[in-house]
Amino acid sequence: MHRTMLPLTITLVQTALHWEDKAANLAMLENTINNITAKTELIVLPEMFSTGFSMQPAALAEPMSGPTVQWMQRMAITKRAIITGSLIIEEAGCYYNRLIWMLPNGQYGYYDKRHLFGFAGEDAQYTAGNKRLVASVKGWKIHLQVCYDLRFPVWARQQLPLGDTDGAAAPAEYDILLYVANWPQRRNLAWKTLLQARAIENQCYVVGVNRVGYDGNEIYHSGDSMVVDAMGEILYHKQDEADVFTITLEKTTLATIREKLPFLKDADAFTILNHDHDI
């Protein structure tokens, strides 16, 4: 890797959520974030952290100028850390399950969930996104995705430069693949297995943050938030309990794996016909 990558400290927030109660969730999460004593640079919240995984966007959606995005701005500035998670956004008459990447200076990027969970009717209520978001922080590239996206490996796959690289390994597109989720316990084997698979096949760290507890439809979530290294080794895993966990990822570990096992250079060359955007 030719980029300078400094150690990156990430805090995973695995929590229960108050069903369709934005005020209660924001108060709870503000208290949780304020109680993080470890120095951290990135705080990861679950999918639809302000409401739970609701199919009532007409009642719950906010514009980008709404109170939840403003809350994220205030918390990121106060904590001096990036905060990310998804929420229900209305824009131009459409509803999106939108991941916000909120920087400590109040600026942000966003990613609209590409794969909508038709089994629960998400595709009938929300509009799918078509742009990937690869964020940059301290020399790391972080590919941001949401829950059901995990089942679709092409959308997550490292897109390497096309053409001759003079025999050298092509530089990886990203270093961390991050998922925020409301993934039910009844399919937690798929969640855990696919997080490891994405790490192995893309030679990257994978961070998956899921909620715990029952939602308003009496669906139980076991959490199973995880951090996985590029060999598929589990560095962190927590089941059934709310937990706030902080971990520092090192560039040397990732660089060593990619240099000793340069599998990415043998990958199939392809391009997804959707535009990426960086922040």
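Residues numbered from 1 in each chain as written. Predicted model: local features only at pLDDT ≥ 70, side-chain atom pairs only at ≥ 80, totals over all residues. Heavy atoms only, no water.

Caption draft 1: Looking closely at the overall build of the chain. Counting its regular elements, the chain contains seven helices and 14 strands. Compactness check: the chain gives a C-alpha radius of gyration of 18 Å against a globular reference of 19 Å for 279 residues, within 12% of the reference. In terms of overall dimensions, the chain has a C-alpha envelope of 55 × 40 × 35 Å along the principal axes. In the chain, which comprises 279 residues, the share counted as buried stands at 52%. Across the chain, contacts joining residues at least 24 apart in sequence account for 72% of those joining residues at least 6 apart. Approximately 12000 Å² of the chain is accessible, and the part contributed by carbon and sulfur atoms is 52%. Separation of charge centres in the chain, based on 25 positive and 31 negative side chains, amounts to 3 Å. (Helix = DSSP H or I, 4+ residues; strand = E, 2+ residues; numbered from the N terminus. Rg over C-alpha atoms; globule rule 2.2 N^0.38 Å. Buried < 20%, exposed > 50% of the residue type's maximum accessible area, 1.4 Å probe, protein only. Contact = heavy atoms within 4.5 Å. Areas by Shrake-Rupley, 256 points an atom, 1.4 Å probe, with all protein chains shown as cover. Lys, Arg positive; Asp, Glu negative; His and termini not counted. Charge placed at Lys NZ, Arg CZ, Asp CG, Glu CD.)

Caption draft 2: Quick look at helix α3 (residues 67-79). Here α3 is 13 residues long and its end C-alpha atoms lie 18 Å apart, about the 18 Å a rise of 1.5 Å per residue gives. Taken residue by residue, α3 has Thr68, Val69, Trp71, Met72, Met75 and Ala76 as its buried positions. Taken around the axis of α3, the buried residues stretch over an arc of 155°, which confines them to a single face. Away from its buried face, by an angle of more than 90 degrees, α3 presents the exposed residues Pro67 and Thr78. Buried-residue contacts for α3 involve α1 (22-34), β3 (82-91) and β4 (94-102). (Expected span 1.5 Å × (residues − 1). Arc of directions from axis to C-beta.)

Caption draft 3: Quick peek at the pairing of strand β7 (residues 140-146). Among the seven residues of β7, six are classified as buried, and the element is accordingly described as predominantly covered. As paired elements, strand β6 (residues 133-137) and β7 share five bridges and run antiparallel to each other. Within β7, the position partnered with Val137 by the bridge is Trp140. What sits between the antiparallel neighbours β6 and β7 is a turn of two residues, in which Lys138 has the positive phi angle 55°. (Pairing = 2+ DSSP bridges.)

Caption draft 4: Quick peek at the state of the cysteines. Scanning all chains against the criterion turns up zero disulfides. Not engaged in a disulfide, the cysteine Cys147 finds its nearest cysteine sulfur in Cys204; these two sulfurs lie 18 Å apart. A relative accessible area of 0% places Cys204 in the buried class. (Disulfide = S-S within 2.5 Å.)

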